[in-house]
Amino acid sequence: MTRPHPDTDAGPAAPHGQPAAPGDGPTESRRGPGLAVLTAIGQPVGTAIAASWQSGSVGITGYVLLVFSGLALADRHRSPRRNFLIVVVATLAYHLLDQPAGVTLLAPLIAASAARAAGHRRLVGATAMAAYGIWVLVTGATLRQALLALAMVVAAGLVTEIGTLVAARVREGVAEQRRLSEERQRRRATEQRLRIAAELHDVLGHHLSLINVRAGVGLHLMDRDPEQARAALEAIAQSSAEALREVRAVLDTLYPSGEAAPRAPAPGLDRLGELTDDAAVATRTVIDGTARPLPAPVDRAAYRIVQEALTNVRRHAGSGAAATVTIGYRQDALMLQIDDDGAGAPRPGAAAPGAAAAAAPAGNGITGMRERAAALGGEVTAGPAPDGSGGWRVRARLPLPTDSQAEETSA
C-alpha cells in the first residue's frame with residue numbers, strides 16, 4: 001500500500017466511488033504559483049500605500065510577514081488546511097506587532113477559499129474567530145477597534161463564502177457544458193452511423209440482388225446459350241465493381257475532411273439512366289415537368305428511393321415484371337412514383353386483382369425509404385397498385401426550398 005507523503009494534508013478522503021473534493025489530488029498540486037506571487041507583491045505594496053495615510057510605517061518584519069503569507073499560498077491546493085493555518089498565523093503576527101492596517105487580509109481570504117473548497121468549513125470559521133479573540137486580548141483593543149475588526153472578519157467571511165459559491169457554480173457550468181458537448185458528439189456519431197448503415201443497405205441490397213438475378217440467368221443459360229451466359233457474368237462483374245466503388249465512397253465519409261477523397265460520384269438523379277439500365281427488369285422513365293438542379297440531400301435521397309423501389313420489384317415481382325419510374329418536378333416538391341405491373345412472381349402481401357388495397361408489408365427497405373423522406377420533411381407510401389393489376393406502387397414526396405429560401409441559403 002502506498003504511504004501518503006508526510007507533508008500532504010488534503011483533508012478527509014472522499015468516500016469510495018466519490019470524486020475527491022476540489023483542491024485535492026495531483027491535478028490541483030500542479031497549479032502554478034502565479035496568484036501566490038501576485039499576492040506577495042500586492043500585500044506589501046498596498047499596505048505601504050495605506051500606511052502613508054497613517055501615522056506609523058511598515059517595518060522590515062511587517063514586510064517579511066506580508067510577503068511570506070502571500071508566497072505561502074503556493075501550497076494551498078496540495079495542503080489547504082495546513083496552508084490556511086500558516087497564513088492566518090503570519091497575518092495575526094503582523095497585527096500583533098502593531099503594524100499599520102492595510103491590504104493584509106488578501107492572503108487569508110485566498111487561503112480560506114481553498115480550505116473551504118476542500119471541505120474544511122468548520123476549521124476556517126473556528127480559526128478566524130480564535131485569531132480575532134487572540135488579537136483583541138493581546139492588543140487590548142478598544143470597543144470601537146474590536147467592532148471594526150469584527151466587521152472586517154465577518155465581511156471577509158462573506159466574501160469567502162460568495163467566492164466559494166461562485167467558483168462551484170462555474171465548475172458546475174463548465175462540467176455541464178462539457179457533458180452537453182460530449183452528448184452532441186455522441187448524437188452526431190450515432191446519426192452518422194445510421195446514415196452510413198442506410199447507404200450500405202441501399203447499395204448492397206441493390207447490387208447483391210442484381211448479382212443474384214444475373215447469376216441465376218447465367219447458370220440457366222450456361223449450356224444452351226454460352227454467349228448470353230457470358231453477358232450475364234460480365235454484368236455481374238460490372239455490378240460487383242460498382243458496388244465496391246459505392247461502398248468505398250460511403251466508408252470514406254468516416255474519415256475527416258481531406259484524409260480521403262471520394263472515389264465515386266455522389267449518387268443522384270443524373271445517374272438514373274445507369275440505375276434503370278442495370279435494374280435487371282424492363283424499366284421505363286417518365287419525366288413530368290421541367291428537370292432542374294436539386295439540393296444535394298434531396299437528389300441523393302431520390303436516387304436511393306428509386307434504387308430501393310427497383311430492388312424490391314426485382315426481389316418480389318421477379319425479373320419478368322416491368323417497372324415505370326415517374327419523376328415529377330413541382331414548384332415546392334419532387335414527386336417520385338415507381339410502379340410495376342406485377343407480371344412476375346407473386347409478391348408476399350400483394351393484393352389479388354380486384355381486391356382492396358392492403359397496407360404495405362413491413363420491411364427494412366420500405367422503412368429505410370420512409371426514414372429518408374421523413375429526414376427531409378417528406379413522406380413515402382407503398383402498397384398494391386390501385387388499378388387491381390396485382391402490381392405495386394411506391395410514391396414519395398420530397399419538399400424543395402422555394403426560390404426565396406434558396407436565395408437566403410446561398411446568401
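Read on for a plain summary of the structure. Note that this is a predicted model, so its numbers are computed, not measured. Here the residue numbering is sequential within each chain, running from 1 through the sequence in written order. Given that this is a predicted model, residues contribute local features only at a pLDDT of at least 70 and side-chain atom pairs are listed and counted only at 80 or more, while totals for whole chains, interfaces and linings are drawn from all residues. The basis for every side-chain value is the complete set of non-hydrogen atoms in the structure, without hydrogens or water.

This next bit is on the overall build of the chain. Where helices and strands are cited, they refer to DSSP runs of H or I of at least four residues and of E of at least two residues respectively, numbered from the N terminus. When its secondary structure is counted, the chain shows 12 helices and five strands. Exposure is judged per residue with a 1.4 Å probe applied to protein chains only, and the accessible area is read against the type maximum: over 50% gives exposed, under 20% gives buried, and values in between give partly exposed. Here the chain holds 411 residues, and 36% of them are scored as buried. With residues, only the protein chains shown are counted as cover, and all accessible areas are computed by Shrake-Rupley using a 1.4 Å probe. For the chain, the exposed surface amounts to about 23500 Å²; the carbon and sulfur share of it is 61%.

What follows concerns the packing of helix H4 (residues 80–96) against helix H6 (residues 121–139). Each pair of packed helices gets described by two things: the angle between the helix axes and the distance between those axes. Axes here refer to lines fitted to C-alpha atoms; in helices the fit is confined to the stretch in contact. Angles between the N-to-C directions go from 0 to 180 degrees. Close contact between H4 and H6 brings their axes to 11 Å; oriented N to C, the two are set at 15°. By the criterion of interaxial angle, the relationship of H4 to H6 is roughly parallel. Taken as a pair, H4 and H6 cross one another with a handedness that is right-handed. Residues Arg81, Phe84, Leu85, Val88, Leu92, His95 and Leu96 of H4 pack against Leu123, Val124, Thr127, Ala131, Ile134, Trp135, Val138 and Thr139 of H6. The residue makeup of the contact of H4 with H6, split by class, is 11 nonpolar, three polar and one charged. Orientation categories follow fixed angle ranges, with anything under 35 degrees roughly parallel, anything over 145 roughly antiparallel, 65 to 115 roughly perpendicular, and all other angles oblique. Crossings are classed by handedness, with left-handed meaning an anticlockwise turn of the near helix from the far one by less than a right angle and right-handed meaning a clockwise turn. Note on contacts: a residue pair is in contact if any heavy atoms of the two residues lie within 4.5 Å. Classification used: nonpolar for Ala, Val, Leu, Ile, Met, Phe, Trp, Tyr, Cys and Pro, charged for Asp, Glu, Lys and Arg, polar for all others including Gly.

This part covers the pairing of strand S3 (residues 333–340). One face of the sheet, then the other: side chains in a regular strand alternate in exactly this way. In terms of residue burial, S3 counts as a mostly covered element, since seven of its eight residues are buried. A pair of strands counts as paired when DSSP detects no fewer than two bridges linking them. The sheet contact formed by strand S2 (residues 322–329) and S3 spans seven bridges and is antiparallel. Pairing of Tyr329 across the sheet is with Leu334, part of S3. The turn linking S2 back onto S3 is made up of three residues. For S3 and strand S5 (residues 392–399), the ladder comprises eight bridges, and the chain directions are antiparallel. By the bridge assignment, Ala333 is partnered in S5 with Pro399.

Val306, Ile327, Leu334, Leu336, Ile338, Val394 and Leu398 are the most contacted members of the largest nonpolar core, which has 33 residues in total. Looking at this core, the elements that each hand over two or more residues are helix H9 (272–277), helix H10 (296–317), S2, S3, helix H11 (364–375), strand S4 (379–384) and S5. In contact with Leu398, not counting residues within four places along its chain, are Val298, Ala301, Ala302, Ile305, Ala333, Leu334, Leu336, Ala373 and Leu376. Nonpolar cores were defined as sets of buried Ala, Val, Leu, Ile, Met, Phe, Trp, Tyr and Cys residues, with membership established by side-chain atoms within 4.5 Å.

Excluding any residue in a salt bridge, patches collect residues exceeding 30% relative accessible area, merging like charges within 9 Å and nonpolar Val, Leu, Ile, Met, Phe, Trp and Tyr side chains within 5 Å. Salt bridge, as used here, is a side-chain nitrogen of Lys or Arg placed within 4 Å of a carboxyl oxygen of Asp or Glu. On the surface, Val37, Ile41, Val45, Ile49, Trp53, Val67 and Leu71 cluster together into a nonpolar patch covering about 710 Å² of accessible area. Secondary-structure elements contributing two or more residues to the nonpolar patch are helix H2 (34–51) and helix H3 (60–71). Examining the composition of the nonpolar patch, we find that four residues originate from one element, H2, more than from any other.

The span expected for a helix works out to 1.5 Å for each residue beyond the first. Over its 12 residues, H3 runs 16 Å from end to end, which matches the ideal 16 Å to within 8%, given 1.5 Å per residue. Among the residues making up H3, those that are buried are Gly62, Leu65, Leu66, Ser69 and Gly70. The arc that holds every buried residue of H3, seen down its axis, measures 130°, which confines them to one face. Where H3 is buried, its residues contact H2, H4 and helix H5 (106–117). Directions drawn from the helix axis to the C-beta atoms are what define this arc.

Our next topic: the sheet that holds S2. On the basis of which strands lie adjacent, the open sheet formed by five strands has the order S1-S2-S3-S5-S4 and mixed pairing. A strand with exactly one partner marks an edge of an open sheet, and here the two such strands are strand S1 (282–288) and S4. Each strand axis lies, on average, 10° off the axis of its neighbour in the sheet, ignoring direction. Of the strands in this sheet, S1, S2, S3, S4 and S5 touch H10, which is tilted by about 10° from S3.

Here H10 is 22 residues long and its end C-alpha atoms lie 31 Å apart, about the 32 Å a rise of 1.5 Å per residue gives. Burial of H10 is extensive: 17 of the 22 residues sit out of reach of the surface.

Attention shifts here to the pattern of salt bridges. Going through the model one piece at a time under the given rule, you end up with 10 salt bridges. A salt bridge links Arg169 to Glu172; its shortest N-O distance comes to 3.9 Å. Note that Arg169 and Glu172 are positioned in helix H7 (residues 143–221) at a spacing of three residues, about one turn of the helix. Its relative accessible area of 47% is what places Glu172 among the partly exposed residues. A salt bridge links Arg271 to Glu274, with the shortest nitrogen-to-oxygen separation between them at 3.5 Å.

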